[in-house]
Every structure is written in structure tokens, then in C-alpha cells.
Amino acid sequence: MKGTLSDSTASSTLGYAENPVGAYHTIKRFAVTWKKLFEKLSKLKPAYDVEIQELSKSTLSLGFQRVWPQDADLEGAAVALLRLQQMYKLPVKEFAQGNVSGVRTSELGAADCFYIGQIAFHSDDNLPLAVNWIEESLKIQESKGEPLWEHLQSAYTILAEAYEELGNTKVAAEYAHKASKNADKEYKKENAGFLTRDGYLTELPVPLTQGFTSNAGMYERLCRGENVQDPKIEARLFCQYKKTLVPIRPVKEEVLYLDPRVSIFYDVITDKEADILMELAKPLVFLIFCLTLISFFYYFLIITMVSSQLSRSMVGEPSIKAKSEQRISKLAWLFDWHLDKTVRHLSKRVEEITGLSTVYRERSADAEAWQVLNYGIGGMYEPHHDFFGDDEMLKNLPTHLQDTGRRIATWLTYLTSAQSGGHTVFPVIKVRVPTVKNAAAFWYNLKRNGEVDHRTEHAGCPVLLGQKWISNKWIRERGQLFRRRCGLTPDALDE
Ligand SMILES: O=C(O)CCC(=O)C(=O)O
């Protein structure tokens, strides 16, 4: 496969698939190009080439087991691409040229743009994007100068329908006429409505300058990097060397918000420790490459391919198994009893820095195990709270977490930095935490009087380029009785 990639990408297949356009190309190679090749091979007479026969049979059977990417996975890749485009307002032209946030990969052809446009057309709220993609496909096709493009008629038809739905009947009529030109009788019969409808005589132009339908909420704005914070609040923020439980080991803290306090602590983990956590979470090195693809498939994850540890995220505790579209990532849990001492050491370090107990016990632990998460391109976690607001959820916990109370605080370590996108954002307080490798974000989910703090709603923005690995340590309420005392007033602040 490497041999078919362009020079600029051949040196790093992994890097290539970490760009959404590169990932689309890669999945297409598996789902379309290789499939066609193997189908051809499987028709060869067994007597001539038994080995090729076997290879092709096993590849087809991997396809049946959903281990080999299929058409549905290519569709998932296109959906992911469209979502990223909407979130980050990326122009169709740049995407088509393979340019994602200044990082280039192979360009998309007319047929690819048409395919993505079709997917957009059939999804709920993407008509303007569909129009942009299909018009781009026509431009590419025209620039290549091929007189008879197999998709031309379908492209005109979809554009006519899309413009009609958008209320621009004049342009709709133009495309309908183009579609009917040279069309056979059957087509003319099927699409007769387009040509005879009175509506086409009226003119109701809809400007399609943008192609984005999402109504920019704070989550999206923060993810896009817009500066939305009040300058008066920003003026009160600061950095400091914060004292820890070990006096000779202060830690670099940048305070990103005061009430509730959200901080990022730098250099709280070494490169080696970050690598160990990631290695422990993924049983095979090869898995990284698979995950890049897998997390890109959105709806069609191939869990069977991934052995023991990392699995598709569930929201809530493991006993409440509901596969989540709210969070698109892979996760593993690492317990303090792990043979590798790193896990235990890191729990101790969180205790040193926060002053909160992270002691693990089989019954009533003070903190949860380390949750290691991998997000590939498009991986994200929509706005949510970490405290368990729902008492039912608290009842269904595994033994070590029963009677431990809610999640009083979150410690979120960045094991890698995503190349683009992937920030952690707090829409209510308008805070954005960048993914800085070896740093950790920390905040309390409960107020000092024990009430849940809804202002701590947060989200993981979709990863646009590269991979994001994080590790969460959730600290429980009960064990902190003497560590985080109630304030003298209900709204007492943390330091
Ligand atoms: O990915 C992120 O930045 C946020 C993750 C998160 O909120 C969570 O795991 O609860």
C-alpha cells in the first residue's frame, strides 16, 4: 500500500492516516481498490494460483467479519469529514486539495467530492455543504476536461433537488435542464416534474456563500479557537509555582479560570511515563494504526479486531453498558495494582499536587482507576459533566466504588498533543484548555458546600489532525473529608 501513496506521505503511513483526507483515501483503498482487486483474484482458477486464492478468500472473509473496511466504513469516513468541516468551518476547496489546517495530503478527485456531496445530501441538515461538494466535483471534472463523466447527470439532478429544497428555484431549474439534456427517455419520465413545475419561473435566490448550517454555539466557538473570554476575567488569571505535599517539589500551575478554578499543571508526567500508560492501554503497537482508522469509522467500529484492553467508550460506569455516540474514542482502565509501578506512582503524584487522596482499595476506594482514552481523527466528547448527578448511577457501581460518593474532582492528563483540534473546552465559563503533552487539567466538579457545579460542563473537541491520548483520574467525594474542607460560606472558593 505504501508504494501507492504519494512521495510526501509514503514516509509515514501513520501520519498520512492522521489527516482526515488521508484517512478517507486509506479507507477507500481498503474498501474499494483492494476489494475490487481481491474480487478479481478470487475469480482466478484455483489450479493456477492457490496462494493468491487463499489470500483473496481470507481477505474477503475478514470483510464479512467486519475486520476489513467496507463501503459502510467509507461512508463513515465521509460523515466524519463533513462533521469536522462543519465544526472547524473548513472550505470545501481546501479539503478537496488535501489541505487540512495547512497540512497537505493527496487531493480528492471529482468522484470523491461527488461521493462526499451525496452523503451530505442524504444527511439531515447538510444541503448547503452537499451543494458545495458537488459543485466542487463539477469544477474538478471540468478542469480535467473529460467530456463524459459517469456521474454528471446524477450530479446535476442532486444539485437541482438541493437548490429546490433550499428555495433557489432558478438555479434548480438550470441544473434540472442540464440534467435532462442528453438524458434518455426513462430519465426524462422520472424527472418530468423538474421541467414542468411553475416554481422554476420564479426567482428566489438563496446565497450559498458559506455552506455551513451549524448555529455556532459556545462549544463550537471554543473548539474553533475563537477568543470569547471576558478581558476583565482574563486580567485576573495568573501562573505560579504551586506548593505540593512535597515541599521541595513545587509544580507549574497556570490558572485558566478562578471560580470555579480550572488549572493546567505542566510537566506532571515524563515522556517515558506517558509512553508506558499508552503501551499498557494498547496490547499491540500495530493497534495505533488500526485505531486511527477505527475511530474514524464513527458508526462502524470494529471491536473484534482489537484484543483485550482498549474498547469502545461507554458513557457512565461499565455496568451500564450503552455504546456512546456522545463520545467517540477508545478507552482502557489501568488499576493501581498493575505490575508496572508507573500507574501507582502517578496516582501518588496526583495526591501530592492536589492534596486529595487517591488511595485504591477493593472496597470504598478514594479514587477511580486511570482511564486511558484514545481519540483518532474526528474523535470527540460532547459537552457533559463528570459528577454523577444521577443517584441511580451511583447505585450501580463496581464494588471498589460503592459508597464513595460523587466525583469530587477531575485530573485529566494529556499523554500526547493533538496536532490540530482536540482541546478540552468549558462552554459555560468559556475556557479552552490546549492539549499540551505531559500537562494535566484539574478542576473540582463539586462546590465546597457539596453541591454539584454545573459550570464545570466540559467537552473534548473533535481531533482534526493527529491523535489525542489522555488519561483521567476521577477523585471521589467520600475519601476527601479531611482533605477538602467545607468553606465558611456556601460559595467559598478553592485555592
Ligand atoms: O477529551 C477531553 O478533552 C475531555 C475528556 C472528558 O471530558 C472525559 O473523559 O470525561
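Preceding block: the structure.
Because the structure is a prediction, the values reported are computed rather than measured. (Residues numbered from 1 in each chain as written. Predicted model: local features only at pLDDT ≥ 70, side-chain atom pairs only at ≥ 80, totals over all residues.)

Draft legend 1. Region of the structure containing the overall build of the protein. For the protein, the count of helices and strands is 18 helices and 18 strands. Burial statistics for the protein: of 495 residues in total, 43% are counted as buried. In the protein, once contacts between residues fewer than 6 apart in sequence are set aside, the share between residues at least 24 apart is 73%. (Helix = DSSP H or I, 4+ residues; strand = E, 2+ residues; numbered from the N terminus. Buried ≥ 20, exposed ≤ 12 C-beta atoms within 10 Å, placed from the backbone. Contact = placed C-beta atoms within 7 Å.)

Draft legend 2. Fine view of the site of the ligand. Taken together, Leu373, Tyr381, Asp386, Thr424, His458, Gly460, Ile470 and Asn472 form the complete shell of residues around the ligand. At the level of secondary structure, the elements contributing two or more residues to the shell around the ligand comprise strand S16 (458–460) and strand S18 (468–476). Residue composition of the shell around the ligand, grouped by class: 3 nonpolar, 4 polar and 1 charged. (Near = placed C-beta within 6 Å. Nonpolar A, V, L, I, M, F, W, Y, C, P; charged D, E, K, R; others polar.)

Draft legend 3. Summary view of the environment of proline 91. Here proline 91 shows up in the loop between helix H5 (71–88) and helix H6 (92–96). Proline 91 sits in the partly exposed class, given 15 other C-beta atoms within 10 Å. Taking C-alpha positions, proline 91 is 9.8 Å from tryptophan 133, a pair spaced 42 residues apart along the chain.

Draft legend 4. Quick look at the packing of helix H8 (residues 127–144) against helix H9 (residues 152–166). Viewed as axis vectors pointing N to C, H8 and H9 meet at an angle of 150°, and their least axial separation amounts to 10 Å. With respect to H9, the element H8 is oriented roughly antiparallel. Here H8 runs over H9; the crossing is left-handed. Contacts between H8 and H9 involve Leu127, Pro128, Ala130, Val131, Ile134, Ser137 and Leu138 on the former and, on the latter, Ala155, Ile158, Leu159, Ala162, Tyr163, Glu165 and Leu166. Taken together, the residues of the contact of H8 with H9 sort by class into 12 nonpolar, 1 polar and 1 charged. (Axes fitted to C-alpha atoms, helices over the stretch in contact; angles between N-to-C directions. Parallel < 35°, antiparallel > 145°, perpendicular 65-115°, else oblique. Left-handed = near helix turned anticlockwise from the far one by under 90°.)

Draft legend 5. Structural view of the environment of tyrosine 175. Relative to the helices and strands, tyrosine 175 is located in helix H10 (residues 169–180). On the basis of neighbour count, tyrosine 175 is assigned to the buried category, with 25 C-beta atoms found within 10 Å. Residues tyrosine 175 and threonine 157, spaced 18 residues apart in sequence, show a C-alpha to C-alpha distance of 6.7 Å. Look past the residues within four positions of tyrosine 175 in its chain and what remains in contact with it is Tyr156, Leu159, Ala160 and Tyr163.

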